[in-house]
Amino acid sequence: GAGVSQTPSNKVTEKGKYVELRCDPISGHTALYWYRQSLGQGPEFLIYFQGTGAADDSGLPNDRFFAVRPEGSVSTLKIQRTERGDSAVYLCASSLRGDTPYEQYFGPGTRLTVT
Amino acid sequence: GQNIDQPTEMTATEGAIVQINCTYQTSGFNGLFWYQQHAGEAPTFLSYNVLDGLEEKGRFSSFLSRSKGYSYLLLKELQMKDSASYLCAVRRDYGQNFVFGPGTRLSVLP
């Protein structure tokens, strides 16, 4: 079956602009996670959704970052007033449920470059 | 704070065995995961431990000691395709976030 997909695969934007990154999780997975990964580092947790609600958004670095999952499936990560330090690979992952230790399946990521 | 340590790089020979260590100090613990990540690709799940002891899965085994905050991933019969980064991640609580280590870049040489 289809895995986690993310669009776009690459995004180049200018400092100060607004961007949206999209994640399509595996069908039937209720838990969805966003991470960002800088070169040579492990993924850094941003936000976790269980269904439509953000169960844990403690990893969002500041109020320029926001994510939604209105129908409990597709999620969009939104970054306002982008800064060069936001440049990273943004990874999305989904799992069957969030309250039990099911493994996460990662998407291929969106590489964001802020110039 | 949350802290997960792994060696930055390791090198091993094809056919050999390698052990990648991970130590952690986190607030809350509900499982330790190992992921493999090839350059430019997404992480893929390898193994999971929530209780102390060894979990074996083919060529890969993972060990956990919760009292010591320690885990290792054991890779046997190394193949060239095992050259990748190996990420240790702690799940802090039910349904909550994962904390990833920096990863260990393993190079398998012929």
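### A look at the overall build of chain A
Okay, step 1: In terms of regular secondary structure, chain A is built from zero helices and eleven strands.
Okay, step 2: In chain A, the succession of α and β elements from N to C terminus is β-β-β-β-β-β-β-β-β-β-β.
Okay, step 3: Its C-alpha radius of gyration of 13 Å places chain A within 12% of the 13 Å reference for a compact globule of 115 residues.
Okay, step 4: Counting every position in chain A, which comprises 115 residues, the buried fraction comes to 46%.
Okay, step 5: Taking as baseline every contact in chain A between residues at least 6 positions apart, the subset at least 24 positions apart corresponds to 54%.

### Considering the overall build of chain B
Okay, step 1: Within chain B, the secondary structure is distributed over zero helices and eleven strands.
Okay, step 2: The C-alpha atoms of chain B give 13 Å as radius of gyration, which agrees with the globular expectation for 110 residues (13 Å, within 12%).
Okay, step 3: With respect to the three principal axes, the spread of C-alpha positions in chain B is 40 × 30 × 20 Å.
Okay, step 4: If you take every contact in chain B between residues at least 6 apart in sequence, the share linking residues at least 24 apart comes to 55%.
Okay, step 5: As displayed, chain B offers around 5200 Å² of accessible surface, 48% of which is attributable to carbon and sulfur atoms.
Okay, step 6: With 9 positive and 10 negative side-chain charges, chain B shows a spacing of 4 Å between the two charge centroids.

### Regarding the environment of K68 of chain B
Residues and elements named next belong to chain B.
Okay, step 1: For K68, the location among the structural elements is in the loop between strand 7 (60-65) and strand 8 (70-75).
Okay, step 2: Exposure remark for K68: the relative accessible area of 66% places this residue in the exposed category.
Okay, step 3: As for K68 and S27, which are separated by 41 residues in sequence, their C-alpha atoms are 14 Å apart.

### Structural notes on the environment of S75 of chain A
Residues and elements named next belong to chain A.
Okay, step 1: For S75, the location among the structural elements is in strand 8 (residues 75-79).
Okay, step 2: Once the C-alpha coordinates of S75 and L32 are considered, the two residues, 43 residues apart in sequence, prove to be 8.1 Å apart.
Okay, step 3: With residues near it in sequence (within four places) discarded, S75 still touches L21, R22, C23, L32, W34, F49, V68 and R69.

### Overview of the pairing of strand 11 (residues 110-114) of chain A
All names here are of chain A.
Okay, step 1: Along strand 11, the buried face is formed by T110, L112 and V114; none of R111 and T113, which line the opposite face, is buried.
Okay, step 2: Sheet topology note: the strand 9 (residues 88-95)/strand 11 ladder contains three bridges and is antiparallel. Within the sheet, the bridge partner assigned to V89 lies in strand 11 and is R111.

### Let's talk about the sheet that holds strand 1 (residues 5-7) of chain A
Residues and elements named next belong to chain A.
Okay, step 1: Strands sit in the order 1-3-8-7 across an open sheet of four strands; the sheet is antiparallel. Single-partner strands in this sheet number two, and they are strand 1 and strand 7 (65-68). Here the strands of the sheet are splayed against their neighbours by 15° on average, with no regard to which way each runs.

### What to know about the pattern of salt bridges
Okay, step 1: Throughout the structure, instances matching the rule amount to nine salt bridges over all chains.
Okay, step 2: Put simply, R64 of chain A and D86 of chain A hold a salt bridge, and the shortest N to O gap is 2.8 Å. Taken together, the residues R64 of chain A in the loop between strand 6 (53-56) and strand 7 and D86 of chain A in the loop between strand 8 and strand 9 connect sequence positions 22 residues apart. For the pair R64 of chain A and D86 of chain A, one class covers both residues: buried.
Okay, step 3: Between R105 of chain B and E9 of chain B there is a salt bridge, with its nearest N and O atoms 2.7 Å apart. Pair noted here: R105 of chain B is in strand 11 (residues 104-109) and E9 of chain B is in strand 2 (residues 9-13), with a separation of 96 residues, a long-range link.
Okay, step 4: When salt bridges that share partners are traced, they join R64, E83 and D86 of chain A into one network.

### Thoughts on the sheet that holds strand 1 (residues 3-5) of chain B
By way of backbone hydrogen bonds, the strands of a sheet pair with one another, either parallel or antiparallel.
Residues and elements named next belong to chain B.
Okay, step 1: With antiparallel pairing, five strands are arranged side by side in an open sheet as 1-3-8-7-6. Every interior strand has two partners, whereas the edge strands, strand 1 and strand 6 (53-57), have only one. Strand-to-strand twist in this sheet, taken as the mean axis angle between neighbours without regard to direction, amounts to 15°.
Okay, step 2: Note that strand 1 and strand 3 (residues 18-25) share three bridges and pair antiparallel.

### Quick notes on the pairing of strand 9 of chain A
Residues and elements named next belong to chain A.
Okay, step 1: Among the eight residues that make up strand 9, eight are buried, leaving the element largely enclosed by the rest of the structure.
Okay, step 2: Sheet analysis places strand 4 (residues 31-37) next to strand 9, joined by seven bridges and oriented antiparallel. Bridge pairing in strand 9 places Y35 opposite L91.
Okay, step 3: The sheet contact formed by strand 9 and strand 10 (residues 105-106) spans two bridges and is antiparallel. In the strand pairing of strand 10, A93 is matched with F106.

Basis of the calculations
Residues numbered from 1 in each chain as written. Chains lettered and ligands numbered in written order. Predicted model: local features only at pLDDT ≥ 70, side-chain atom pairs only at ≥ 80, totals over all residues. Heavy atoms only, no water. Helix = DSSP H or I, 4+ residues; strand = E, 2+ residues; numbered from the N terminus. Rg over C-alpha atoms; globule rule 2.2 N^0.38 Å. Buried < 20%, exposed > 50% of the residue type's maximum accessible area, 1.4 Å probe, protein only. Contact = heavy atoms within 4.5 Å. Areas by Shrake-Rupley, 256 points an atom, 1.4 Å probe, with all protein chains shown as cover. Lys, Arg positive; Asp, Glu negative; His and termini not counted. Charge placed at Lys NZ, Arg CZ, Asp CG, Glu CD. Pairing = 2+ DSSP bridges. Axes fitted to C-alpha atoms, helices over the stretch in contact; angles between N-to-C directions. Salt bridge = Lys/Arg side-chain N within 4 Å of Asp/Glu carboxyl O.

On their own, these measurements won't tell you what the molecule is for.
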